[in-house]
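# Structural description and commentary
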Amino acid sequence: MKILIFYTYNKGLLSEFFQELSERLANDDFEVYNFYLKHKKDSFLQGNVNIYGEKRYGIFKNYYNVYKIIKRIKPDVIISNFSYINPALLFGKILGASQNVAWFHTAFGHTKPSYLKIINKTFYLKLADVVIANSKQLQNEMNIIYGVQKDKTRAISFWTNISNYGDDSAPLSLSKNVDTFYIGCPGRLVEDKNHKLAINAVYQLKKITSQPLKLIIAGDGPYKNELKELVNNLNLQEDVVFLGLLNVNEMSNFYNSMNVIVLPSFHEAFGLVFIEAIALGTPVLVSKSFGALDFIDEQKFSIEDFSFDPYSMQDLLVKLELCLEKKNKPSKYFKVMYDTTFEKDVIYNQVKSVILNKIYSS
């Protein structure tokens, strides 16, 4: 059986997820191909997976290149995500793929698409045999907003390989003090990530504790100047550090260097930063909007103990005070939660069942 997977091939952990998924499928005797659009044309073999890259152009040339690779390979199964979804679904349908799967992992509230974009996306998603969503909330959006039938959706999570990274060769540009409590806040600097809440929380905490605090922000984006202006207005220049973009090794070191990670986003369809942190056993305070929380067994792990309302300063402050008093859940708790919830073999078998379902039932 031939499987063609569309995703952006790079050095990021999300790309690595699809690479490893592809290699696992190849090891299970599937004939697996990957395709991506980037700055140059390329082709190579990686772990028994045939990988093809084409140079990225405008929309019409990009669509044509997607059409060409589907026509050339004649896959039984197509899996696509992000900007590849529309052309992969369209040409997969035209060229007769038996199972056409869209992997959708962007929350409606995060992108706030226009009415015309919703109509456009609805048209393409209805061509899918199955839509994989990275949370139950996103699965519901597929049905309510885009009109995808519930029986054509599946909620499947990611795993992360962040624990394979991080060493002394990628030190952070951060001078640490053993007496200081470090709060990490990773994520692209855009309004929806809600970094302002974390900054304001540190401002309030400094009024009620004598312990030195540092908020360390990892990431970059268009909201950076506005966040720096807020820091200046609150006189927190010595207490808030902007590290900028970090590579994978630096991100691993970042998580391991923090006392707690705060993730205050208003909308997160899944939230890779959440599972990256807990995979390393770093204590986390996470917005209740994170889709990854949908997969956690609340009978085993009390989500209320480490989550907060992203619209409530008080909710976050209460949780941060518990961290300062060392009354929050310990590192081991979060590591066990990751290992229990985001186990690779379970996730892989869920994806494989989606791939095989229509093929073997038809």
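Here, every reference points to the structure presented above.
Summarised in this report is the structure supplied together with it. (Residues numbered from 1 in each chain as written. Predicted model: local features only at pLDDT ≥ 70, side-chain atom pairs only at ≥ 80, totals over all residues. Heavy atoms only, no water.)

### As for the overall build of the chain
We apply this condition: Secondary structure follows DSSP: runs of H or I at least 4 residues long count as helices, runs of E at least 2 residues long count as strands, and numbering of each begins at the N terminus. The globule rule used here is 2.2 Å times the number of residues to the 0.38 power, and the radius of gyration it is set against is calculated over C-alpha atoms. Any two residues whose heavy atoms approach within 4.5 Å are treated as being in contact. Shrake-Rupley sampling with a 1.4 Å probe provides the accessible areas, and residues are treated as covered by the protein chains on show and by no other component. Charge convention: Lys and Arg are scored as positive, Asp and Glu as negative, and His as well as the terminal groups of each chain are ignored. To locate a charge, take atom NZ for lysine, CZ for arginine, CG for aspartate or CD for glutamate.
Across its full length, the chain carries 13 helices and 14 strands. For 362 residues, the compact-globule estimate of 2.2 N^0.38 gives 21 Å, and the chain sits close to it at 22 Å. For the chain, the share of sequence-separated contacts (at least 6 apart) that also reach a separation of at least 24 residues comes to 68%. Surface accessibility of the chain: about 16700 Å² in total, with carbon and sulfur atoms responsible for 49%. Distance between charge centres in the chain, computed from 42 positive and 37 negative side chains, equals 7 Å.

### Re the sheet that holds strand S2 (residues 31-38)
Convention followed: Note: two strands are recorded as paired if DSSP finds a minimum of 2 bridges between them. Geometry is summarised by axes, namely lines fitted to C-alpha atoms with helices restricted to the contacting stretch, and by angles between N-to-C directions that run from 0 to 180 degrees.
One open sheet accounts for eight strands, arranged S3-S4-S2-S1-S5-S6-S7-S8; its pairing is mixed. Strand pairing shows two members of the sheet lacking a second neighbour, strand S3 (42-46) and strand S8 (153-155), which therefore form its edges. Here the average twist between neighbouring strands, direction ignored, is 20°. By the bridge criterion, five bridges tie S3 to strand S4 (residues 49-55) in an arrangement that is antiparallel. Bridge pairing links aspartate 42 to glycine 53 in S4.

### What about the packing of helix H7 (residues 195-208) against helix H11 (residues 313-324)?
This is how it is decided: When an angle is under 35 degrees it counts as roughly parallel; over 145 it counts as roughly antiparallel; between 65 and 115 it counts as roughly perpendicular; any other value is oblique. Put simply, a crossing is left-handed when the front helix is turned counterclockwise from the back one by less than a right angle, and right-handed when it is turned clockwise. Side-chain classes follow a simple rule in which Ala, Val, Leu, Ile, Met, Phe, Trp, Tyr, Cys and Pro form the nonpolar group, Asp, Glu, Lys and Arg form the charged group, and the remainder, Gly included, forms the polar group.
In contact at an axis separation of 10 Å, H7 and H11 are set at 55° when each is read in the N-to-C sense. Judged by the inter-axis angle, H7 sits oblique to H11. H11 is crossed by H7, and the crossing has right-handed handedness. Together, Leu197, Asn200, Ala201, Gln204, Leu205 and Ile208 of H7 and Met313, Leu316, Leu317, Leu320, Glu321 and Leu324 of H11 make up the contact between the two elements. For the contact of H7 with H11, the residue count by class is nine nonpolar, two polar and one charged.

### Observations concerning the nonpolar core
Keep this limit in mind: What is meant by a nonpolar core is a set of buried Ala, Val, Leu, Ile, Met, Phe, Trp, Tyr and Cys residues, joined one to another through side-chain atoms within 4.5 Å. Classification of residues uses two cut-offs on accessible area relative to the type maximum, computed with a 1.4 Å probe and protein chains only: under 20% is buried, over 50% is exposed, and between them is partly exposed.
If you look at the biggest cluster of nonpolar residues, it comprises 97 residues, and the most contacted ones within it are Phe6, Leu125, Phe254, Phe274 and Phe306. If near-sequence neighbours (up to four positions away) are discounted, phenylalanine 306 is found in contact with Phe274, Val284, Leu285, Val286, Leu293, Ile296, Tyr333, Phe334 and Met337. Counting 30 residues, the second largest nonpolar core, distinct from the first, contains Phe181, Leu205, Ile217 and Leu230.

### Regarding the packing of H7 against helix H8 (residues 224-233)
Following both chains from N to C, one finds H7 and H8 inclined at 15°, their axes separated by 11 Å at the closest point. The angle between H7 and H8 falls in the class roughly parallel. The way H7 lies across H8 gives a crossing that is right-handed. In this structure, H7 uses His195, Lys196, Ile199 and Asn200 to contact H8, whose residues at the interface are Glu226, Leu227, Leu230 and Val231. By residue class, the composition of the contact of H7 with H8 is four nonpolar, two polar and two charged.

### Side note on the side chain of asparagine 86
The condition is simple: Polar contact criterion, stated in full: a pair of N or O atoms within 3.5 Å, where within protein one must be able to donate a hydrogen and the other to accept it, and residues adjacent in sequence count only if both atoms are side-chain atoms.
Residue placement: asparagine 86 occurs in helix H3 (residues 85-94). Looking at asparagine 86, the relative accessible area reads 9%, which means it is buried. Here lysine 121 takes part through its side chain, which lies 3.0 Å from a polar atom of the side chain of asparagine 86. Once you skip the residues sitting within four places of it in the chain, asparagine 86 turns out to touch Tyr63, Asn120, Lys121 and Tyr124.

### Some remarks on the layout of surface pockets
Under the convention used in this document: A cavity, in this analysis, means grid points on a 1 Å lattice covering only the protein atoms where a 1.4 Å probe fits yet has no way out; a pocket is instead an open set bounded by protein on both sides within 12 Å along at least five of seven lines, and a residue lines either one if it has an atom within 4 Å of a point. Grid points are joined across faces, edges and corners, and a volume is the space filled by probe spheres set on the points.
Put simply, the largest pocket is a space of about 1300 Å³. Along the walls of the largest pocket sit 43 residues, with Leu14, Arg188, Lys193, Leu272 and Val273 positioned nearest its centre. Of all the secondary structure elements, the ones that give two or more residues to the lining of the largest pocket are helix H1 (13-27), helix H9 (248-257) and helix H10 (272-279). For the lining of the largest pocket, the element with the highest residue contribution is H1, accounting for four residues. Class assignment for the residues of the lining of the largest pocket results in 23 nonpolar, 15 polar and five charged. Its boundaries defined by the atoms lining it, the second largest pocket holds a volume of some 570 Å³.

### Some details on the pairing of strand S6 (residues 99-104)
The following threshold applies: The handedness of a crossover follows from its direction of travel: if, with the strands pointing away from the viewer, the path from the first strand over the helix to the second runs clockwise, the crossover is right-handed.
Of all six residues in S6, six are buried, a share of seventy percent or more. Judged from the five bridges that link them, strand S5 (residues 77-81) and S6 form a sheet pairing that is parallel. Note that in S6 the partner of serine 80 across the bridge is alanine 102. On the question of chirality, the crossover connecting S5 to the parallel S6 by way of H3 is right-handed. Bridge analysis of S6 against strand S7 (residues 130-133) gives four bridges, and the strand direction is parallel. Across the sheet, residue phenylalanine 104 finds its bridge partner in S7, namely alanine 133.

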